[in-house]
Structures are given as C-alpha cells and as structure tokens.
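# Coordinate analysis (summary)
Now for the letters of each chain:
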Amino acid sequence: MRKFDVTGYFGTWPYWPLRHGSPDELLRLMDRYQIERLVLGSLRAIFSDWEEGNEEVRRLARRYPDRFRVAVTINPVLGHDHLERAEEYRQDELVVGLRLYPIYHDYELASEGNAGLPLLAYAAETAWPVFIPLRLMMNWGLPVLPLTQVAGMLARFPQLTVILGGVNYGEVKHALPLLRAYPRVFLETSCVQLQGALERIAAGIGVERLLFGTGMPLQNPGCEVAKIAHAAFSEAERAQIFAENARRLFDEKR
Amino acid sequence: MIIDAHVHLGPMPLFRVEGRVDDLLRAADRSGIEKLFCTEAIALYYDFREGNERLYRIMRQHPDRILGYCTISSARYGAKAVEEVERCAQDYGMRGLKIYSFSIPGTREPFLSVDDEWMYPVVEKAAEYGMVILAHCNAEEIAHLASLFPQAILVMAHMGNTAHARGDWHRAIAVAQRYPNIYLDTSTSSTDFDCVETAVAILGAERLLFGSDWPLFSHEFALARIRETALSPEEQALILGGNLRRLLGL
C-alpha cells in the first residue's frame, strides 16, 4: 500500500549518530516501505540556524521533487523578517507547511505577546498548515511540549490547520477533547504506540483526521508501518491513514 | 520458537488496560508466539502474594504457554518478600522474578528502587533458584545490582527506554558491556532507529531478549523492532527465543 509520510527529518542528530540519515538512505527506506512522499523538516533548523536548515531541505526536495516535501521551520525568536520568509516559503510548491518548536526556540505558544503570534496569525489567515510536534521522537529522554500550550494557541486561532505530532499514550486522553473541538486539527501517528490507541482516536474523531508519520530516520519506519498495518482498521481506513488523508490535506494529485 | 519475555496479565488502571489470558493467547497465536513469560499486575501494583497466586492458577491452566515471573512490588516487606520468592520458585514453578523501580509521580526520582538495600536478599534468593530477574530500572541501578550479584541473571526491562531510565539505551548497552550478567529486554514504546542493532553490534545477539510489554503494545509492533532490522536470521532467532530457552534450559 502506497504511503505519504508526514514526519521525517534531515540533518545531524546532535545526541547520537544516525545511520540512515543520508538522502540515499532515506530514499532506500521509503522504497522499502512503499512511502512515495516524505515531508521533511530540518534538524539544523531546530538546533541551530533555521534559515540555513530550511535551505538545505528545500535543496534536497528540489533534487527529488517526486519524493520529498518540506515543512519549513521558523524560529520567531532569532533572525529577522519572519513573515517575509514565511511568505516566500509558502509560495514554494514543495513546501507544505510550517513547523514550530517552542521548547527548542524558547517561547510559548499560548502566552500573551509570545514571539510566535504573528506567524500563527499569518498561518491562520493563509490556511497554511502548522505542524506542532509535542516531542521530536518517542524517546523518554527528550522534552515534551505541554498540550495546554496547543490548547491556548487553538483558543486564539480556532481556524488554524494543525498537524499535532509526537503524541504518546499519556497525552491521548488530553488530545482527544482538543481534536473534537477543533475540526482542522489532525493527529500524526509516529509516537502513538499504545495498542488500540489509534483505533480509539479514530472512533472519537474519524479516521480521516489521522496522518501517517514515521519520524525517520530518528525512528524505525518499519515499526511505525507495522502498528498501523496490524491495527483494527478496514483496508479502506488503512489507505486513508497511510496516504489519502495527507494527499487531500496537501492537495496532492494521486 | 518465539518466546515473549515481557508480558502483563491483570488490571493496569494506570494505563487503562487489562491483560486477559484468552486475549493474550489469541494475540500470541496470530503472531506465532509460543511461550509467554508473564507478570501479574495485581502483584505489581497492589498485593504481590495475591497476584502471584492468581498467576499460578493461570499457569496451571496453560502449562505449555505461560511462564511465570514472581513479582515483588516492594522489598520493604522484608522476610515476607524473600519467602514469597521461595514459595513462587518451589511451589509455583515460576522461573523468573520481576522487580520494579517506581518513580515519584511527575519526576524521574526513584521512590522504590530495585537497588534498595532491602531488595538485595530478594535478588539473592532468586539467584539461588536460577531465576531470570526482570528489573524495570535505570542503568545505574542495574549496574550496581550486577556488581553485587554476579551470579544473578539480570534483565534490564526496556533496555533504558523508559521515563525512569531517561530513554538512555546507550547507557543501558554500556553497563551491559561492563557486566556480562546483564541482559536487555527489547520491549518499549520507543522505536529509536538502530537501538537493537547497536546493542547486538556491541554485546552480541546472545544478550538480548524479545519482549512486547503486551497488552500495552501489540506483538506485531514489538516484533517489528527485531524483524525490521538488518540483523541476520540467526541473530533474530536468538533474540526472539533462543536466548531465553538457553537461560531457562527449555
């Protein structure tokens, strides 16, 4: 079954070496698991220079326009001309959305006067999807963005299209009311590992709001595929999660 | 033969799930898992004597499928805890001991630690019986136990992929490299790429045991951590059951 993976990373992982992070390795993994499209975010943009990181990933996507899409990262605390850059990125047909990392860039999504407000307002006005990963990957050593920040952001910008990622089983019960309240919020699957959790979420909000993500090359895509392949979904529902929902959201032709 | 070294039966209200044996056997059959090394949740979270007895009844109903861990939730029961290990080994035929470091809620600070002094006689008794000791703990705790009890077969549950162990599987591998009586169990919610391969490259496949943590995670998800790797079929076979067969003499 062909897949559209909405969470991948490119760059250096500062905590341990990655063996599958090169473009060739990413493409090999994508072929192995029948992933036709992968939305990449930049690790450099998270940990260092966001503009340079975005450029690296955009260059890679231009080399393989049939395989990669980009979710650009903007750090609203460092640098200049954030809205101008956002507009430039949004015009790029390979860029499908904006990724925000408040923990790593030292701001809060929900607080009055937070540095991300103009960007969020821009994304809301232009219907530009915003990826909010609560955690980078399902490793217990890494920090977790409190869902209360996401709730505060949505209260201010209820029309935002949000791809909520990095949700683990502890957060599912708190994420569900948000997902019910805001129909433009989608849930990305790469950290939802508890048996039966995806089925429960689908029963609560509809399968059409689940988006397949692997978190490769930080996470093993084989495990992320297996949990959905063996979950209690019909084949039609599985196809929606694996690819159709993302294609529709990002307005992709089949 | 595939053996799952980390399975829970009984109610786990913290996770909103209950492991029922009929569901477990059906799930295991779907995945080709022959034997299931189980702990009982009542023993883990409430009353070890009651929970271990309940597990023994299940073991008797399914003697070819269910292996049992004696669970000691707190060694602060002193002699009663040591007697319970003896009873489980002698009377119930349990081949393992499960011990657990509980963190203070909202923190990663141990409240009950497997490395508490009063746990030592419990571990010593289990080692006397050749039990496989499955310890939910961090690398520092298992390293100290391994140094104190070199004769014990110690399995670090989740190989560091827990909140209590800070997700630090690199440190888990490092302490297992230092102490040859430490084994690593692969069950976890984490899917960090190369975690299992790195452990095999450093320790050898002989030191890893396949676990699922069922019912928290599906067998298919847990098996993918072994099968969706570059490990050879021989290495996978050791992890999936060969090692535990050797340790238990099955």
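The structure this text deals with has already been given above.
All of the points below concern the structure found in this document.

## Concerning empty space enclosed by the protein
Considering all chains together, one arrives at four cavities of 30 Å³ or more under this definition. Looking at the largest cavity, it is lined by 14 residues, and the ones nearest its centre are A:Thr7, A:Arg99, A:Pro133, A:Gly165 and A:Glu188. Contributions of two or more residues to the lining of the largest cavity are made by strand S1 (3-10), strand S5 (130-133) and strand S6 (162-165) of chain A. The greatest single-element share of the lining of the largest cavity, amounting to three residues, is contributed by S5(A). Along the lines of polarity and charge, the residues of the lining of the largest cavity split into seven nonpolar, four polar and three charged. Its volume calculated, the second largest cavity comes out at about 50 Å³. If you go around the second largest cavity, the residues you meet are A:Asn220, A:Cys223, B:Thr191, B:Asp192, B:Phe193, B:Asp194, B:Cys195, B:Val196, B:Glu197, B:Arg225 and B:Thr229. A per-element tally of the lining of the second largest cavity places helix H8 (residues 195-203) of chain B first, with three residues. Per-class residue counts for the lining of the second largest cavity are four nonpolar, three polar and four charged.

## Thoughts on the interface of chain A and chain B
Listed by partner, the interface residues are 28 residues for chain A and 28 residues for chain B. Buried surface at the junction of chain A and chain B, summed over both partners, amounts to about 2,500 Å²; 53% is from carbon and sulfur atoms. It is A:Trp140, A:Gln195 and A:Asn220 in chain A that bury the most area against chain B; as a group they hold 27% of the surface buried on that side. For A:Arg19, the salt bridge is made with B:Asp194, and the minimal N-O distance between the two is 3.1 Å. Linking chain A with chain B are 18 residue pairs in polar contact (both at pLDDT 80 or more). Secondary structure elements with two or more residues in the side of chain A that touches chain B: helix H1 (23-32), helix H8 (169-181) and helix H10 (221-229) of chain A. Looking at the side of chain A that touches chain B residue by residue, the class counts come to 13 nonpolar, ten polar and five charged.

## So, the side chain of A:Thr214
Residues and elements named next belong to chain A. By the element assignment, Thr214 lies in the loop between strand S8 (210-211) and H10. Here Thr214 falls in the buried class, since its relative accessible area comes to 0%. Within the structure, the side chain of Thr214 is placed 2.4 Å from the side chain of Asp5, a separation counted as a polar contact. When residues no more than four places from it in sequence are discounted, the contact partners of Thr214 are Asp5, Thr7, Ile35, Glu188, Ser190, Gln219, Pro221 and Glu224.

## Some details on helix H11 (residues 235-249) of chain A
What sets the pattern is the α-helix's 3.6 residues per turn: residues three or four places apart point alike. Residue and element names in this part refer to chain A. Over its 15 residues, H11 runs 20 Å from end to end, which matches the ideal 21 Å to within 8%, given 1.5 Å per residue. Along H11, the largest kink reaches about 55° and is centred on Ile241. Among the residues of H11, those classed as buried are Arg238, Ala239, Gln240, Ile241, Phe242, Ala243, Asn245, Ala246, Arg247 and Leu249. Remark: Asp251 follows H11 within two positions and exhibits a positive phi of approximately 55°.

## Here's the deal with H10(A)
With respect to burial, H10(A) is a largely interior element, eight of its nine residues being buried. Looking only at H10(A), the buried set comprises A:Pro221, A:Gly222, A:Cys223, A:Glu224, A:Val225, A:Ala226, A:Lys227 and A:Ile228. Looking at the buried positions of H10(A), the neighbouring elements they touch are S1, H1, helix H9 (197-205) and H11 of chain A together with helix H9 (219-227) of chain B. The N-terminus of H10(A) is capped by A:Asn220, whose side-chain oxygen sits 2.8 Å from the backbone nitrogen of A:Gly222.

Parameters at a glance
Residues numbered from 1 in each chain as written. Chains lettered and ligands numbered in written order. Predicted model: local features only at pLDDT ≥ 70, side-chain atom pairs only at ≥ 80, totals over all residues. Heavy atoms only, no water. 1 Å grid on protein atoms, 1.4 Å probe; cavity = no way out; pocket = protein on both sides within 12 Å on 5 of 7 lines; lining within 4 Å. Points joined across faces, edges and corners; volume = space filled by probe spheres on them. Helix = DSSP H or I, 4+ residues; strand = E, 2+ residues; numbered from the N terminus. Nonpolar A, V, L, I, M, F, W, Y, C, P; charged D, E, K, R; others polar. Contact = heavy atoms within 4.5 Å. Buried area = accessible area lost by both parts, 1.4 Å probe. Salt bridge = Lys/Arg side-chain N within 4 Å of Asp/Glu carboxyl O. Polar contact = N/O pair within 3.5 Å; in protein donor to acceptor, adjacent residues only side chain to side chain. Buried < 20%, exposed > 50% of the residue type's maximum accessible area, 1.4 Å probe, protein only. Expected span 1.5 Å × (residues − 1). Bend = angle between axes of the 7 residues up to and from the residue.

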